[in-house]
Structure formats: C-alpha cells, structure tokens
Amino acid sequence: MEIIPAIDIIDGKCVRLTKGDYTKVKIYREYPVEVAKQFEDAGVQRLHLVDLDGARTGSVVNMKVLEQIAGKTSLSIDFSGGISNNSHVKDAFDSGAAMISVGSIAIKNKGLLLEWIASFGSHRFILGADVKDGLIMIKGWTENTNVDIDTFITSWISEGINSIFCTDISKDGMMEGPSLKLYKSLIENHPSINLIASGGVTTTADITSLQQAGCSGVIIGKALYEGTILLHDLKQYAIEHGTK
C-alpha cells in the first residue's frame, strides 16, 4: 500500500479545508516546496497535489507550484484541480506531473477525457471520486451531481481506468477516522480497482485498517499538519508493514 501525503494549494500556500468548505481554510505553510522536501526527506515517494483554486474555478491556477515541486524533488506527483482542456493536460505533464487526477471532467465531458486517455494512456490518469451521501460531487466539492459512486466507477473501469482515489467528504478534515465501510463496499463491488482512500485518516492505526480492508493506497493530509501522524511514523510504518 502506498502512503501518499497531500498538499492542497490556495493562493500558492499549503492549506487544508474542513469537509471541503472554502470558508473553513487553515493555512499551514507559506511555501509548499519546503513541505514537499520534508516529505521526500522522510522517505515518501509520492505526492497528491491539489490546486484548490483551480478546482473551484474550473481552470488551473497553481501550475507554478507543481513545476517548483517537481523541479526540486524526485517525488512522483499526481496533480489535480481545474484541469479542463488539452493545454492544461499538456502543461501539467510538461511541468512534472507523473499522473493527473480527474473528477469533474469525467462527469462533464467524457469524450474529452477519452481523448486524453488515447493520447497519454489510461495509466497517466487517476479517477477522483469525491462522494457525499453516496453521490459524486465535483468542482472542488462545490457542485452536486445525481451520479452514484458505483455507477461512476463502473463507467470508467470499462474505459481502462482502474486507479481510483475516493474521498468521503463527510470525513475530510474531521480527524475522526476514515470511511472503512465505504471503501470495503467499493472494493467488494469492483475487485479489479486500485483504490486509494482519502479523508479522515488520523492515526497509523487508520492506515493499518485501510491496508487490511484492501486499499492500495492512502492519502494523508490534515493528520500530518496537525501532528497526529508524524513523518517519522510514516517512515517506521513503511519499514514494518512493507508500504511505500
């Protein structure tokens, strides 16, 4: 199982939201590159980088942060937030993204995403399934859809995408533990997927629970910034449990 720290960006700064609420923003660090370097120094190999400004506006805003982190670390970066046209995709890959996470575009413009998959390969894209009450939310969790998560995942498995990260919005930033029941259900219903859990991870015991549930990865955000999980803990956990 991969351990994947998250850096969420607003106005070029490292922040966290609570339940995706843009009125509940907490700034943790002014310089995301410094945070990324700390992750790398702790032995982390992968980073989940989210342009929250881009997610809300529908157009990438913080590409420069991606470029800086990619240029100053060797982290494998999956990037998301506001990617909505061909130039965004090209610029993200040119700026150092190893993968792109897609959510809104997968709902709004399936044909365009299929073009990107044909051009770059399905392995370069991760399906972002942000869910509230069983339904997908898009545009930085500001817009509801009537698409249930299982239907959403099924429709993209058939197109060759099998890497999926799922955030239970009700858990995000709450520091109350992850949505194990949801993840177990998704893995049972879609056994071929590589499911990356996101939201609510608070302790290393949560990481263990997700690994035992069959998740292939876990995204950790607020717990690292609040200190309930330490970088040293991640390094030690990786040694003891064979995670990356």
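**Q** Where do I start with the pattern of salt bridges in this structure?
**A** Any two side chains of opposite charge can pair if their charged atoms end up close together. Under the criterion given, the structure shown has 10 salt bridges. With a shortest N-O distance of 2.9 Å, Asp-8 and Arg-16 are connected by a salt bridge. Take Asp-8: its relative accessible area is 11%, and that puts it in the buried class. One network of salt bridges, with partners in common, ties together Glu-2, Arg-46 and Asp-78.

**Q** Could you clarify how one ought to interpret the layout of surface pockets in this entry?
**A** Over the atoms rolls a probe the size of a water molecule, and its path tells where empty space is left. When its volume is computed, the largest pocket comes out at roughly 740 Å³. Around the largest pocket sit 43 residues that line it, and Val-50, Ala-55, Ser-80, Asp-130 and Trp-141 are the ones nearest its centre. Examining the composition of the lining of the largest pocket, we find that 3 residues originate from one element, helix α5 (residues 104-108), more than from any other. When the residues that make up the lining of the largest pocket are grouped by side-chain class, the tally is 18 nonpolar, 18 polar and 7 charged. The calculated volume of the second largest pocket comes to roughly 180 Å³. Lining the second largest pocket are 17 residues, with Arg-46, Met-99, Ser-163, Asn-194 and Ile-196 sitting closest to its centre. Those elements giving two or more residues to the lining of the second largest pocket turn out to be β7 (125-132) and β11 (194-198). For the lining of the second largest pocket, the residue count by class is 6 nonpolar, 8 polar and 3 charged.

**Q** Is there a simple way to think about helix α6 (residues 110-120) in this case?
**A** Within α6 the residues assigned to the buried category are Leu-112, Leu-113, Trp-116 and Ile-117. Seen along its axis, α6 keeps its buried residues to an arc of 145°; they face one direction. Those residues of α6 that are exposed and angled more than 90 degrees off the buried face are Ala-118 and Ser-119. Each element contacted by the buried residues of α6 is listed here: α4 (86-94), β6 (99-102), α5, β7 and α7 (149-157).

**Q** How do you make sense of the packing of aromatic side chains when you look at a structure like this?
**A** Working definition: an aromatic ring pair is given by the centre-to-centre distance plus the angle between the planes. Per the stated rule, a full pass over the model turns up 4 aromatic pairs. An angle of 75° between the planes, with centres 6.0 Å apart, marks the rings of Phe-93 and Phe-125 as edge-to-face. Of the two residues, Phe-93 is situated in helix α4 and Phe-125 in strand β7; the sequence distance between them amounts to 32 residues. The residues Phe-93 and Phe-125 share a single accessibility class, namely buried. Each member of the aromatic cluster is reached from another via a ring pair, and the members are Phe-93, Trp-116, Phe-120 and Phe-125. The residue whose ring lies beneath Arg-124 is Phe-93, and the NZ or CZ to ring-centre distance is 3.9 Å.

**Q** Got a minute to help me understand the pairing of strand β1 (residues 2-10) in this structure?
**A** Side-chain direction in a regular strand flips from residue to residue, so the side chains alternate between the two faces of the sheet. Counting buried residues in β1 gives 8 out of 9 residues, a clear majority hidden from the surface. Where β1 meets strand β12 (residues 217-220), 4 bridges bridge the pair, whose relative direction is parallel. For Ile-3, the partnering residue across the bridge sits in β12 and is Val-218. The pairing of β1 with strand β4 (residues 46-51) spans 4 bridges and is parallel.

What counts, and where the lines are drawn
Residues numbered from 1 in each chain as written. Predicted model: local features only at pLDDT ≥ 70, side-chain atom pairs only at ≥ 80, totals over all residues. Heavy atoms only, no water. Salt bridge = Lys/Arg side-chain N within 4 Å of Asp/Glu carboxyl O. Buried < 20%, exposed > 50% of the residue type's maximum accessible area, 1.4 Å probe, protein only. 1 Å grid on protein atoms, 1.4 Å probe; cavity = no way out; pocket = protein on both sides within 12 Å on 5 of 7 lines; lining within 4 Å. Points joined across faces, edges and corners; volume = space filled by probe spheres on them. Helix = DSSP H or I, 4+ residues; strand = E, 2+ residues; numbered from the N terminus. Nonpolar A, V, L, I, M, F, W, Y, C, P; charged D, E, K, R; others polar. Arc of directions from axis to C-beta. Contact = heavy atoms within 4.5 Å. Phe/Tyr/Trp six-rings, centres within 6.5 Å; stacked < 30°, edge-to-face > 60°. Lys NZ or Arg CZ within 6 Å of the ring centre and 35° of its normal. Pairing = 2+ DSSP bridges.

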